[in-house]
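Fold and geometry: a report
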Amino acid sequence: MTPQKVLSDRVREWAASQGICTAAVARILGISEMTLWRRLHGHCQWHADELLKLRGQGIQISDELFHALVGKEEGLRMSKPKPREEWIEDALCRRLGLQSDIFFPERARGSLPAKQVCRECPVRQECLADQLEYEARGTGQIAGIFGGLTPSQRAPLVRKIREARKEARKEKRS
Ligand code: SF4
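Quantities reported herein were computed from a predicted structural model and do not represent experimental measurements. (Residues numbered from 1 in each chain as written. Predicted model: local features only at pLDDT ≥ 70, side-chain atom pairs only at ≥ 80, totals over all residues.)

Looking now at the site of the ligand. With respect to spatial proximity, 13 residues lie near the ligand, and among them Ala91, Cys93, Cys118, Cys121 and Cys127 are the closest. Listed by contribution, the elements that provide at least two residues to the shell around the ligand are helix 7 (92-95), helix 8 (112-120) and helix 9 (124-137). Tallied by class, the residues present in the shell around the ligand amount to 10 nonpolar, two polar and one charged. (Near = placed C-beta within 6 Å. Helix = DSSP H or I, 4+ residues; strand = E, 2+ residues; numbered from the N terminus. Nonpolar A, V, L, I, M, F, W, Y, C, P; charged D, E, K, R; others polar.)

So, about helix 9. Compared with the 20 Å implied by 1.5 Å per residue over 14 residues, the 20 Å span of helix 9 between its first and last C-alpha is a close match. Residues of helix 9 that are buried: Arg124, Glu126, Cys127, Leu128, Ala129, Gln131, Leu132, Glu135 and Ala136. Elements in contact with the buried residues of helix 9: helix 4 (48-56), helix 6 (72-78), helix 8 and helix 10 (151-173). Following helix 9 by one or two positions, Gly138 has its phi on the positive side, about 70 degrees. (Expected span 1.5 Å × (residues − 1). Buried ≥ 20, exposed ≤ 12 C-beta atoms within 10 Å, placed from the backbone. Contact = placed C-beta atoms within 7 Å.)

Orientation of helix 9 relative to helix 10, taken along the N-to-C sense of each, is 65 degrees, at an axis distance of 9 Å. By the angle class used here, helix 9 and helix 10 are roughly perpendicular. Between helix 9 and helix 10 lies a crossing whose hand is right-handed. Taking contact as the criterion, the partners of Gln131, Leu132, Glu135 and Ala136 in helix 9 are, on helix 10, Arg154, Leu157, Val158, Ile161 and Arg162. Here the contact of helix 9 with helix 10 is composed, by residue class, of five nonpolar, one polar and three charged. (Axes fitted to C-alpha atoms, helices over the stretch in contact; angles between N-to-C directions. Parallel < 35°, antiparallel > 145°, perpendicular 65-115°, else oblique. Left-handed = near helix turned anticlockwise from the far one by under 90°.)

Next comes the structure, spelled out in structure tokens:
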């Protein structure tokens, strides 16, 4: 069974167990029903942030499955953040004037308030891409909630970006 099929079956089983239709699943993922249909039928690749949302709903997606589903193009897409000045003014944490402490909780359990803010933030994807790019460079400290994800939730995305860049460099050389 292909990774796409494994995930499609899990999403369908989960939707059935929740008593929700595909339109509701698409809404949760923030994509159109047609896009969801295409993903479920293997006509286009899943985006990494969609897989994390599915994980967040309790659908089991192991690191192996995650890596099998997210392709090189997606790794490269994630590693190209928009310039910060284009989106920072819309950051909800900034607009609400929140203390940075809540985004750097001492324990994982304390991350809920920050995650709730990030969930409503209109520039969540931009924020996440910016942080992933920073972490993929491997030059700084990895901490805090960004784009609604903890450091351990971001780790598989960071690995994917590094792998995609490594492959791209190899292709360029050959
Ligand atoms: S996603 Fe969260 S941390 Fe990032 S800008 Fe929005 S509210 Fe702030």
